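# Residue-level structural notes
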Amino acid sequence: MSIRTKLTILISLLIAAPLLFSAVFWINTLVSSLGGLGWEDLIWHGREEVEERAALRFWNTAVAHNDSVVRALTPAGQKLNRELAFLTGRFQDAKCLQGEFPPACQSLAREFLSLHPELEGLLARSGTRWTEVLNGDIPPDRLSAIKAALFPLARSAKNASLQPVAVGTEFLLAAVHALPQPLGSHLIVWTPVVNFTKPFDGLLSGTLYQTALVDDHGRLLLPLELRGQTGSGGRRVSVSYLFFEDPDQRKRVLQTLQEGKPANGRGVLAGARYIFAHAPIPGTGLRVVTLLPLDLPAETRVFGALRNYLVVSAILIFLTGMGALFLATRLTRSLRILTTAAEEIGAGNLDTPIEAKGEDEVARLAESFRTMAAQIREHVLTLEQKVAIRTRDLTLKSDELARANEDLIRMSKMKSDFLAKMSHELRTPLNSIIGFSDLVLSGSFGQTTEKQRDALGRVVRNAKNLLQLINDILDLSKIEADRLTLKLAPVNLKVLIGSAIGNLEFKALEKKIFLKSEVDPEIPTLQADEVRLMQILNNLLSNAVKFTHEGGVTLIAKLLDKNRVTMAVQDTGIGMTTKDLASLFTEFYQADTSLTRKYEGTGLGLAITKRLVEAMGGMITVQSEAGEGSMFTVTLPLV
């Protein structure tokens, strides 16, 4: 038999076993959820006894569930009662029911209703006069029916909380509180049952059981859709009353509901058998009842075949394990021999014998191993000579590369030295040109005409641009020649950022854009080169202002963690494409290289900024989209 066939059988068996386990687990979950049953119940007990055990287990579960509902609803009723009593006191102090109902009292009522959106309205009764304040629009006919239904509660002269009141086919929950003065005055609020139970829908709903609220006469405040039995078969039946078919049981249930006592049992409801449990909600006229159908189609199907299925599943699982173990043993024996031989060959023992019998893939693999070992022995004889020749060639090439690298390093240093010297020699006359031009512009040498001032202004601007270019080239040459020296000292970042913003504030005003900063006051003093840090901020802010025409530029500084600080320059300018971002920090790179380009610059500012940030032990990143603006983020260590 080939390995393919063996592996096919093995995988089939390995797949079959989890499927069997999954089926058993699914049936176990189904039966357990139907009645809280376990496997031992189904194997060792009959149907009637299993049903009895399921009922006992469910009653415990239902009682616990009812307790959860009671604990959830009782505080809601108590809270409404307390707040209504507080409102009654405020009405008493304001003498709201001793005459006309003034606007101040209406404001108190509306304030109360705004805190309870679930309430439909409030009725204030004094003698025969009724005053209503509603939480929305209510049709007149419905309002009249509500008043008629609530009148018996007011006439009883008793305080009540969450009392069920029938209005036609609908139930309301009402709360009543009497005022000491004048006699016969009451405040009544009401809410539809749906509004009150909405926050508790998750608690009152279930997959296999149903929970509802009833009054002391067994009427369901909200009808339930139950699985019932009719002459035409099983269907969903709407039930609005706990009307059990057994008269004695119906009487007992109504008696316990009226007495406000918890109880449980089994009975026939809407033609189907149900397990039920009910309990009162203290301080209210509500009762909670939980129902579980005892006759389920799934239960009928499972009980008939489950025992046989369990036995067959156990036998199949056992056979699957034994077959997989046997095939795995036969399969891995030859593989273990090949593994040992491969380890020996790998260790250099090329004469290791490889024994594998048969005509399957493992035997052919063993033959391939033997052929491979022979070829390796043959190649090893000439390998050292080939390696020696290759090593000699590589050594010669390595020497050539080393000499070429030394020449490149020397030429690079010569270039940097030349640029540094030339830049130094050019800065002195440029400073003189700028200085004398400023003196002429200031009138130190006499009055100048408008054309002369314009020409001198252009001279100064171009000289300053050339001086900045020379300074950038000088900085770049120092960095490349490893001659840049940082003067670390304590730096107040808030003051430094204020100075940088001040340097470009006039230019931002000229362009009619905003320029602002947001500095975290928790940033401590950091150790850095103040001059170079100012140069970094000036480069980033000047670029942001240059490329922004609408909106503005924001500099945000904050602590990244206890050892690092970040400074982000964000603008709403023209942005950059992905292609531009790839070469952004390259020396002399500009997105627009035409002679008629719109924006001035040499392409050195960002390259120098990146080198300076890295020299201070930090990093710089950029995020940008064309037309959306850019954000440059500098991260520096505090020390």
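Note that the structure is a prediction, hence the values are computed from the model and not measured.

## Comments concerning the packing of aromatic side chains
Ring pairs (aromatic) are described by centroid distance and by the angle formed between their planes. According to the stated counting rule, one finds 2 aromatic pairs in the structure shown. With centroids separated by 6.3 Å and ring planes inclined at 40°, the aromatic side chains of Y241 and F243 adopt a geometry described as tilted. Owing to a relative accessible area of 29%, Y241 belongs among the partly exposed residues under this scheme. On the basis of relative accessible area, F243 is assigned to the partly exposed category, the value being 46%. Ring plane angle 35° and centroid distance 4.8 Å describe the contact between F244 and F276, whose orientation is recorded as tilted. One end of the pair, F244, is in the loop between strand 8 (233–241) and helix 8 (247–259); the other, F276, is in strand 10 (residues 272–280), and 32 residues separate them in sequence. According to the relative accessible area criterion, F244 is buried, its value standing at 1%. Given a relative accessible area of 4%, F276 falls into the buried group. Positioned over the ring face of F243 is R250, at 4.0 Å from the centre of the ring. Here K516 stacks its cationic end above the ring of F514, 5.4 Å away from the centre of that ring.

## Digging into the nonpolar core
In terms of nonpolar packing, the biggest core is built from 42 residues, with L493, L533 and L541 touching the most fellow members. Mapped onto this core, the elements with two or more residues apiece are helix 12 (493–511), strand 14 (526–529), helix 13 (530–546), strand 15 (552–561), strand 16 (564–571), helix 15 (605–615) and strand 18 (629–637). Residue contributions to this core peak at 8 residues, all from helix 13. Discounting chain neighbours no more than four positions away, the residues touching L533 are V491, L493, L496, A528, M567, M616 and L636. Formed by 36 residues, the second largest nonpolar core is a distinct cluster that contains L119, V133, L221 and L286.

## Side note on the sheet that holds strand 1 (residues 121–126)
Whenever strands of a sheet pair, they do so through backbone hydrogen bonds, lying parallel or antiparallel. Pairing in this open sheet of 5 strands is antiparallel, and the strands run 2-1-5-4-3 from one edge to the other. A single partner strand is all that each edge strand has here, and the edge strands are strand 2 (129–134) and strand 3 (160–167). Across the sheet, the mean angle from the axis of one strand to that of its neighbour is 25°, orientation sign disregarded. Both strand 3 and strand 4 (residues 170–179) contribute to a ladder of 6 bridges, which runs antiparallel. Bridged to P164 within strand 4 is L173. Relative to strand 2, helix 4 (residues 103–114) is tilted by about 45°, and along the sheet it contacts strand 1, strand 2 and strand 5 (185–192).

## Quick look at the packing of helix 12 against helix 13
For the pair helix 12 and helix 13, interaxial distance at closest approach is 10 Å and the crossing angle is 30°. Judged by the angle between their axes, helix 12 and helix 13 are roughly parallel. Considering only the axes of helix 12 and helix 13, their crossing is right-handed. Counted together, L493, L496, I497, S499, A500, I501, N503, L504, K507, A508 and K511 of helix 12 and E530, L533, M534, L537, N538, L541, S542, V545 and K546 of helix 13 form the full contact between these two elements. Each residue belonging to the contact of helix 12 with helix 13 can be placed in one class, and the counts come to 12 nonpolar, 4 polar and 4 charged.

## Observations regarding the side chain of Q535
Residue position: Q535 is located in helix 13. Residue Q535 is classed as buried on the basis of its relative accessible area, which comes to 13%. Here R532 takes part through its side chain, which lies 2.8 Å from a polar atom of the side chain of Q535.

Cut-offs used in this document
- Residues numbered from 1 in each chain as written.
- Predicted model: local features only at pLDDT ≥ 70, side-chain atom pairs only at ≥ 80, totals over all residues.
- Heavy atoms only, no water.
- Phe/Tyr/Trp six-rings, centres within 6.5 Å; stacked < 30°, edge-to-face > 60°.
- Buried < 20%, exposed > 50% of the residue type's maximum accessible area, 1.4 Å probe, protein only.
- Helix = DSSP H or I, 4+ residues; strand = E, 2+ residues; numbered from the N terminus.
- Lys NZ or Arg CZ within 6 Å of the ring centre and 35° of its normal.
- Core = buried A, V, L, I, M, F, W, Y, C linked by side-chain atoms within 4.5 Å.
- Contact = heavy atoms within 4.5 Å.
- Pairing = 2+ DSSP bridges.
- Axes fitted to C-alpha atoms, helices over the stretch in contact; angles between N-to-C directions.
- Parallel < 35°, antiparallel > 145°, perpendicular 65-115°, else oblique.
- Left-handed = near helix turned anticlockwise from the far one by under 90°.
- Nonpolar A, V, L, I, M, F, W, Y, C, P; charged D, E, K, R; others polar.
- Polar contact = N/O pair within 3.5 Å; in protein donor to acceptor, adjacent residues only side chain to side chain.

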